[in-house]
Amino acid sequence: MKKALALLILSLMAAAVEAQVPPAKPASPAALAKPPTELEKKVQEVTALVQAGKTAEALPRLQALEKDPAATPPIHALVGLLYVELGKAAEGLAVLKPLADAEDAQPAVLYQAGRAALALGRRDEAKVYFTRSVLKEPASPAARELGMLTAQDGRVVEAYSMLRPWALRKPSDRDGRLMAATLALTLERPDEAAELLAGQPDGDPAVRLLRGRVLVQKKDGPGAVALLQPLLANHPPNLDLEVRRNLAEAQMLAGKPAEAVSLLQGRAGGHPVLVLLLGRAQRQAGNAAAALATLKPFAEKLPDDPNTLGDPRPAAGIAQEYGSLLVDGGHAAEALPFLDKGARFNPRNVEAWKALARGLDAAGKREEARKALAQAEEAAKPPAPRPAAAASAAAGGAPAAAPPGAAAPAEAPLSPGLQNAMRLLSQGQLDNALTAVRQEIGVSKDPRARLVEVKILLAQKKSDEALKSVQTALQAEPNNPDYIYLRGAVEMSLQRLSSAEQDLRKALQLSPRHTGAMNDLAVLLMSVHKRAEAKSLLEQVLKINPQDQMAAANLERLNTEAQQ
C-alpha cells in the first residue's frame, strides 16, 4: 500500500504543478531545466516530510500551504491527502470535501475523502465517496475499501464483486486477498478461493485455515485434517472456534464423527453454526439422543418469520436436522413444524424439501408429501431468467428499451394472484392487496410479487417492514438491480440518504437504463443541491421513455429554479 500511496502522491503533485501555468508551446531543453518555483518547492518539501514520518515538522508547513493564495485545487487535494496520512482526518476532510462534493471530482480525491470520512466514523458518507470513485475509475483503491465495508454489511456477493478484481491485481495486499478468499468460500467457490490464496505463506495461520476450508468444501476430508490438525495445537486465540469448526467438518468427511464431537463438545455455546455441526456429528456418531438434546434449545426458539434472521441458513439447518431426528424417532407429527421451517427458511435447499416430504409421508399426509417433492424438483432447477422489464415496471420504473433491431424479450404473464394484488393496489385497497401479494409470494417465485409487496408497504408508511422484505429478496438474488434499487427507495423513505445514494448508483451500475433508479437518484441529488447531475439523469429518463411524467415534472422544476 505504501507504493500505491507514493504513486498517488506523485500523480497529485504532477497535477498540482501542471495547474499552476496554462498550456504553452513545447518547452525547450533549457526551459525544462529551469529551477522549481517557490510553490513547487513547498509542495516537494512538505511531501518529503510526510513520507519520512516527520509529523511535527510537516504539520505547520502543511497548514501554511493550505492557506497559500497561490494554491490550486490539485494542491488542495494533495494537502488533504497529506493531512490524512498524518492522522489528521478532520483537517483532511475539511480540505477535501469541497473538492469531493463537486460533480466533476477526480477518483483519487473521492477516495481520499472517503478515507478521511471513514477515519472520523462517518461510514455512510465514506461509502458514497468510495462508490463515486469506483464508478469513475473501476481500478480505484476505493473498490477495496468499499468491498471491505460492504462485506461488513453482510452483502457478500456485492462485496466479492468489488474485492476479487482488486485482490487479483494486488497480490501483496494480504488483508484484501484473505477477505476476498473468505467471501469466495462463503459463496461456496473453493477453486476461486484457492486462486486468491496462491502465493500466500502457508505458515500464516489465517491462510492455512482458509486452505483447510477449501479442502472441506471440496469434500477432501483426509486432506483437510492433515492441513488443519497441526493448526489446532498452535493458532491465535481469536481463530479457535473457526479452527475447531473446520477441523470438525473435515473429521466428519473423513468418517471420524467422534473426533468432531470431541472438538466441539462444550464449545458450541450460542453459535448456531457450531450447534448445528455438533448435532450432526453426534447423529453421525450414532448418538441421536445427544443430538436431540444439543439442538432442542435452539430449535424451539426459532422464529416463524425468516425475515427476522440475518442469515437464515443456520436456522434452517437446525430446523431440518432436529425435525429429521424426530422423524427417525417415530415422532413425525411433532417434527412437521420444524421441517416446514427448514424448507421455508431456505427454499432453494433441495434436501430441506425432501426432508419435509419424508416427514409428511411418515405422518400419513401423502398429498402434501407429493407437493413437497414437487417443490424439491423446482428447487433443483436453475433459477429462471428474471423478467427484468416487467419487474422494473412493477417497482415503479419504466422497462428498459430493447437495443435497436433487437426483438423485445417475451415476458412471463402475471399470475391471477398477482394480477388481483395489483388491481387491489390500484383501487387503494392496501390491506387486501398486501394479503393477496403475500399469498402469491408463498406459492410463486416471481420476483414481481416481492416488488409489489414492498411498494404496498411503502404506501402504508411501513418502511422498516419494507426494508426487511427487500432484504429477504436480496438474499436470494443479491445482484438483482431491481431489488437493489428498491432498497435504495426504502432507504430514501427512512431518510438514510447516503445508503440510498449508494444503492441507487449500484443499481445503475448493474442496469444503466433503469429509469426508476434514475428518477429516484435525481430526486435525491436535487435535495442536496447537485442539480447538474440530477438534470442529466432526468434527461436520460425522458430519452428512454418520453412519457415519464415524474421525470418531466422534476426537469421542469429544475429549469424553473435555474431561471430564478
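Residues numbered from 1 in each chain as written. Predicted model: local features only at pLDDT ≥ 70, side-chain atom pairs only at ≥ 80, totals over all residues. Heavy atoms only, no water.

(A) Just the nonpolar core, in detail. Judged by nonpolar contacts, the single largest core of 46 residues is most densely connected at Trp-353 and Leu-356. When sequence neighbours within four positions are dropped, the list of residues in contact with Leu-356 reads Leu-336, Leu-339, Asp-340, Ala-343 and Ala-372. By size, the runner-up hydrophobic cluster in this structure holds 45 residues, among which are Ala-421, Leu-508, Leu-524 and Leu-525. (Core = buried A, V, L, I, M, F, W, Y, C linked by side-chain atoms within 4.5 Å. Buried < 20%, exposed > 50% of the residue type's maximum accessible area, 1.4 Å probe, protein only. Contact = heavy atoms within 4.5 Å.)

(B) Quick look at the pattern of salt bridges. All chains considered together, the criterion is met by 33 salt bridges. The salt bridge partner of Arg-122 is Glu-125, with a shortest N-O separation of 2.8 Å. In this structure, the salt-bridge partner of Asp-204 is Arg-174, at a minimum N-O distance of 2.6 Å. Here Asp-204, found in the loop between helix H12 (190–197) and helix H13 (205–217), pairs with Arg-174, found in helix H11 (residues 174–186); they are 30 residues apart in sequence, far enough to count as distant. Classification of Asp-204 by relative accessible area gives buried; the value is 14%. Look at the salt bridges and you will find they share partners, linking Arg-280, Arg-283, Glu-321, Asp-328 and Arg-358 into a network. (Salt bridge = Lys/Arg side-chain N within 4 Å of Asp/Glu carboxyl O. Helix = DSSP H or I, 4+ residues; strand = E, 2+ residues; numbered from the N terminus.)

(C) Up close: helix H26 (residues 447–459). Between its first and last C-alpha, H26 extends 19 Å over 13 residues, near the 18 Å set by a 1.5 Å rise per residue. Buried residues dominate H26, accounting for 10 of its 13 residues. Looking at H26, one finds that the buried residues are Pro-447, Arg-448, Ala-449, Arg-450, Leu-451, Val-452, Glu-453, Val-454, Ile-456 and Leu-457. (Expected span 1.5 Å × (residues − 1).)

(D) Expanded view of unusual backbone geometry. For Lys-219, which is not glycine, the phi torsion reads 65 degrees and is therefore positive. Turning to its location among the elements, Lys-219 is positioned in the loop between H13 and helix H14 (221–233). Lys-219 gets classed as exposed once you look at its relative accessible area, which sits at 62%. A positive phi angle, near 65 degrees, is found at Lys-461, a position not held by glycine. Mapped onto the secondary structure, Lys-461 falls in the loop between H26 and helix H27 (463–476).

(E) Molecular detail of the packing of aromatic side chains. Counted under the stated rule, the structure contains two aromatic pairs. With 6.2 Å between their ring centres and 40 degrees between their planes, Tyr-111 and Phe-130 make a pair best called tilted. With Tyr-111 in helix H7 (residues 107–119) and Phe-130 in helix H8 (residues 123–136), the pair connects residues that are 19 residues apart, well separated along the chain. Per residue, the accessibility class of Tyr-111 equals that of Phe-130, and both read buried. Here Tyr-322 and Phe-338 contribute two aromatic rings whose centre-to-centre distance is 4.9 Å and whose plane-to-plane angle is 85 degrees, an arrangement assigned as edge-to-face. With a gap of 16 residues between them, Tyr-322 in helix H19 (residues 312–328) and Phe-338 in helix H20 (residues 332–345) connect regions that are remote in the sequence. (Phe/Tyr/Trp six-rings, centres within 6.5 Å; stacked < 30°, edge-to-face > 60°.)

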